[in-house]
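Report on the structure
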Amino acid sequence: MTVSVRLRGVQKSFGAKRVLDGVDLAVEPQEVFALVGPSGAGKTTLLRIVAGLDGPDAGEVVVDGTANPRSSGLGREVGLVMQRPAVFRRTVFDNVAYGLHLQGLPEEEIDRRVSAALDRVGLRDARDAKAWTLSAGEAQRVCFARAAVLRPKLLLLDEFTANLDPANVSLLEGAVTAYHRETQATIVIVTHNLFQAKRVARRAGLLLGGKLVETADVETFFTNPRNERTRAFVRGEMPY
Amino acid sequence: MVELSQELLQIAGLSLYVAASSTGIASLLGIPLGAFLALREEARGRRPALTIAKAIVFTLYGMPPVLAGLLVYILLSKEGPLGALGLLFTPGGMIFAQVLIVTPIVTGVAYSAVASVGRDVKEAARTLGARGWALAATVIVEARLGVITAIMVGFGRAISEVGAVLIVGGNIRGATRVLTTAIVLETGRGNFTEAIALGLILLAVAFGIFLVLYWVQQRGYR
Ligand SMILES: Nc1ncnc2c1ncn2[C@@H]1O[C@H](COP(=O)(O)OP(=O)(O)O)[C@@H](O)[C@H]1O
Ligand SMILES: [Mg+2]
């Protein structure tokens with residue numbers, strides 16, 4: 001179970017605004033990679049392109065050896081958790097079972113896997129709760145479980161703990177680490193929380209001005225980056 | 001008196017049968033069509049073809065039932081292209097005409113309901129592997145409040161409709177007479193008490209159907 005991500009010269013504009021201006025990125029199999037950058041840098045845009053939700057204007061995206069995947073792998077190979085939890089108007093159980101039902105798995109297997117996934121995010125007792133009545137933190141845990149239960153080889157997390165309280169942040173980070181340990185999946189986590197990047201990831205990269213400015217292992221990235229702008233960013237000196 | 005109530009029962013039953021059938025068929029056509037229009041528009045932007053399709057749907061909202069009745073009458077008449085079906089002056093022909101009237105309404109309301117489902121929810125379904133019909137079905141279920149409203153509005157239009165069923169059905173006693181056409185007849189004869197009684201029965205039928213749909217709509221939603 002090894003999936004790599006390769007981006008070469010990826011460009012994306014919205015109207016006249018060029019958000020991604022030739023992004024090169026290599027994420028190795030089984031790696032946990034943190035993508036950081038100021039708000040509006042294009043992190044979400046980049047992640048959506050990797051997920052295949054959007055296509056690049058130019059450049060190449062290779063996921064698991066497949067060029068420009070156009071969402072074909074979504075749900076099986078690639079999982080995405082978005083910043084704002086978007087639960088279905090169903091029970092917690094039905095939310096997490098959703099992707100498994102699409103795959104037409106037998107009910108007992110679905111029941112077993114959903115139960116295990118809910119246990120991992122501390123929602124065992126919320127299984128029959130209406131998902132749309134949950135708190136933001138609980139809803140995001142449902143969203144994580146809903147993606148993780150499908151065992152994607154590539155898991156993309158887009159600021160998925162932003163605006164959550166510390167208890168939920170820590171629970172979700174724990175769930176990510178456990179997922180990685182169990183599956184060896186490749187994980188790309190977008191965050192503007194540098195501490196989170198340090199806690200969860202092994203390598204980090206800074207997206208700025210439409211380009212990936214620098215990537216390094218987290219130790220180097222946060223203590224001794226090569227690039228001036230990375231230095232300013234990790235010191236919190238960058239105005240944004 | 002016994003005979004009368006039996007005839008009444010038959011008329012009310014036929015009303016319910018014709019309206020429920022046409023609403024059912026219109027929903028099977030209109031809900032997927034509305035969902036398709038909404039999802040296409042969101043995925044591809046406002047293309048001219050989509051705008052034209054929507055313009056047609058919303059224009060047909062205003063289709064006078066008598067006009068629909070006339071068109072279907074011509075289609076189904078002996079010399080018409082569908083004359084061989086022998087549907088003129090039958091409940092089948094009345095259903096045919098009503099499908100024409102009800103489908104645009106169901107389509108339009110279903111379109112609005114599906115379009116109002118959040119983009120993030122639709123994308124969540126996609127990220128979990130939903131494509132094509134599975135995606136449409138998911139979004140329709142998410143929009144069930146509005147989609148069932150579409151069915152309610154469609155049924156209301158069908159059960160209260162008189163122009164098309166009168167022309168295509170012919171108001172034949174014991175065969176194609178429904179509540180609305182019976183009301184017209186009794187009113188014309190000056191039998192206002194009977195006409196009002198028929199009207200109340202019509203409202204009672206509509207209320208019963210509303211209760212059923214409302215129950216389905218609210219189940220597991222609040
Ligand atoms: N669908 C879109 N249409 C127009 N502009 C967009 C769209 N998506 C993103 N943008 C713009 O692209 C820029 C980068 O957005 P985003 O990728 O969300 O940044 P980040 O996730 O790093 O905060 C922003 O200026 C945003 O307004
Ligand atoms: Mg973002």
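Our structure's up above, just so we're on the same page.
Residues numbered from 1 in each chain as written. Chains lettered and ligands numbered in written order. Predicted model: local features only at pLDDT ≥ 70, side-chain atom pairs only at ≥ 80, totals over all residues. Heavy atoms only, no water.

In this section: the interface of chain A and chain B. Counting from both sides, the interface comprises 24 residues of chain A and, opposite them, 19 residues of chain B. Interface of chain A and chain B: buried area, both sides summed, is about 1,900 Å²; carbon and sulfur atoms make up 53% of it. Along the contact surface separating chain A from chain B lie two salt bridges. In this structure, arginine 84 of chain A engages aspartate 120 of chain B in a salt bridge whose closest nitrogen and oxygen atoms are separated by 3.6 Å. Looking at the side of chain A that touches chain B, the elements with two or more residues in it are strand E6 (78-81), helix H2 (92-102) and helix H4 (136-148) of chain A. Per element, the largest residue contribution to the side of chain A that touches chain B is three residues, and it comes from H2 of chain A. Here the side of chain A that touches chain B is composed, by residue class, of 13 nonpolar, five polar and six charged. (Contact = heavy atoms within 4.5 Å. Buried area = accessible area lost by both parts, 1.4 Å probe. Salt bridge = Lys/Arg side-chain N within 4 Å of Asp/Glu carboxyl O. Helix = DSSP H or I, 4+ residues; strand = E, 2+ residues; numbered from the N terminus. Nonpolar A, V, L, I, M, F, W, Y, C, P; charged D, E, K, R; others polar.)

Next up on the list: helix H5 (residues 166-183) of chain A. Residue and element names in this part refer to chain A. For H5, with 18 residues, the first-to-last C-alpha span of 26 Å sits near the 26 Å given by 1.5 Å per residue. Listing the buried residues of H5 in full gives Asn168, Val169, Leu172, Glu173, Ala175, Val176, Ala178, Tyr179, His180 and Thr183. Residues of H5 that are buried sit in contact with strand E3 (32-36), helix H3 (107-120), H4, strand E7 (154-158), strand E8 (186-190) and helix H6 (194-200). Just downstream of H5, glutamine 184 is the residue with a positive phi angle, here 60°. (Expected span 1.5 Å × (residues − 1). Buried < 20%, exposed > 50% of the residue type's maximum accessible area, 1.4 Å probe, protein only.)

Let's shift gears to a nonpolar patch on the surface. Taken together, Leu67, Leu70, Leu71, Tyr73, Ile74, Phe89 and Ile172 of chain B make up a surface patch of nonpolar side chains, about 580 Å² in accessible area. The class of isoleucine 74 of chain B is partly exposed, set by a relative accessible area of 47%. (Patch = residues over 30% accessible without salt bridge, like charges linked within 9 Å, V, L, I, M, F, W, Y side chains within 5 Å. Areas by Shrake-Rupley, 256 points an atom, 1.4 Å probe, with all protein chains shown as cover.)

Residues and elements named next belong to chain A. Phe14, Lys17, Val19, Pro38, Ser39, Gly40, Ala41, Gly42, Lys43, Thr44 and Thr45 make up every residue found near ligand 1. Note that an oxygen atom of ligand 1 is positioned 2.4 Å from one of the side-chain N or O atoms of lysine 17. Interatomic distance of 2.9 Å between a backbone N/O atom of glycine 42 and an oxygen atom of ligand 1. For ligand 1, the protein covers 59% of the area, taking 560 Å² as the surface of the free molecule. Listing elements by their share of the shell around ligand 1, those giving two or more residues are strand E2 (17-27) and helix H1 (43-51). For the shell around ligand 1, the element with the most residues is H1, which contributes three residues. Of the residues assigned to the shell around ligand 1, the class counts are four nonpolar, five polar and two charged. (Near = heavy atom within 4 Å. Polar contact = N/O pair within 3.5 Å; in protein donor to acceptor, adjacent residues only side chain to side chain.)

For the rest of this paragraph, the subject is the packing of aromatic side chains. Going through the model one piece at a time under the given rule, you end up with eight aromatic pairs over all chains. Between phenylalanine 144 of chain A and phenylalanine 160 of chain A, the aromatic rings sit 6.2 Å apart at their centres with planes inclined by 35°, giving tilted as the arrangement. With phenylalanine 144 of chain A in helix H4 and phenylalanine 160 of chain A in the loop between E7 and H5, this residue pair connects regions lying 16 residues apart in the sequence. Neither phenylalanine 144 of chain A nor phenylalanine 160 of chain A differs from the other in exposure class; each is buried. Their ring planes at 80° and their centres at 5.1 Å tell us that phenylalanine 221 of chain A and phenylalanine 222 of chain A sit as a pair that is edge-to-face. A single burial state applies to phenylalanine 221 of chain A and to phenylalanine 222 of chain A, both of which are buried. What links up through ring pairs into an aromatic cluster is the set Phe58, Tyr61 and Tyr111 of chain B. (Phe/Tyr/Trp six-rings, centres within 6.5 Å; stacked < 30°, edge-to-face > 60°.)

Before going further, it helps to spend a moment on the pairing of E6 of chain A. All names here are of chain A. Where burial is concerned, the two faces of E6 agree: the one with Val78 and Leu80 and the one with Gly79 and Val81 are both buried. Relative to E7, E6 runs parallel, the two being bridged by four bridges. Counterpart to glycine 79 in the pairing with E7 is leucine 155. (Pairing = 2+ DSSP bridges.)

Our focus in this paragraph is empty space enclosed by the protein. Using the criterion set out here, one finds three cavities of 30 Å³ or more in the structure. For the largest cavity, the calculated volume is near 90 Å³. Among the secondary structure elements, those contributing two or more residues to the lining of the largest cavity are E6 and H4 of chain A together with helix H5 (119-127) of chain B. For the lining of the largest cavity, the leading source of residues is H4 of chain A, giving four residues. Residues belonging to the lining of the largest cavity are distributed by class as follows: nine nonpolar, two polar and two charged. (1 Å grid on protein atoms, 1.4 Å probe; cavity = no way out; pocket = protein on both sides within 12 Å on 5 of 7 lines; lining within 4 Å. Points joined across faces, edges and corners; volume = space filled by probe spheres on them.)

Attention shifts here to the pattern of salt bridges. Considering all chains together, one arrives at 26 salt bridges over all chains under this definition. As a salt-bridge pair, arginine 199 of chain A and glutamate 173 of chain A come within 2.6 Å of each other at their nearest N and O atoms. Here the residue arginine 199 of chain A occupies a position in helix H6, and glutamate 173 of chain A occupies one in helix H5, the gap between them amounting to 26 residues. Here glutamate 42 of chain B makes a salt bridge to lysine 122 of chain B, at a shortest N to O gap of 2.9 Å. Of this pair, glutamate 42 of chain B sits in helix H1 (residues 2-44) while lysine 122 of chain B sits in helix H5, and the two are 80 residues apart along the sequence. A residue is classified by how much of its surface remains accessible, and glutamate 42 of chain B, at 25% relative accessible area, is partly exposed. Relative accessible area serves as the criterion here: at 5%, lysine 122 of chain B is assigned to the buried category. Three or more residues are tied together by salt bridges with common partners; here these are Arg48 and Asp54 of chain A together with Arg119 and Glu123 of chain B.

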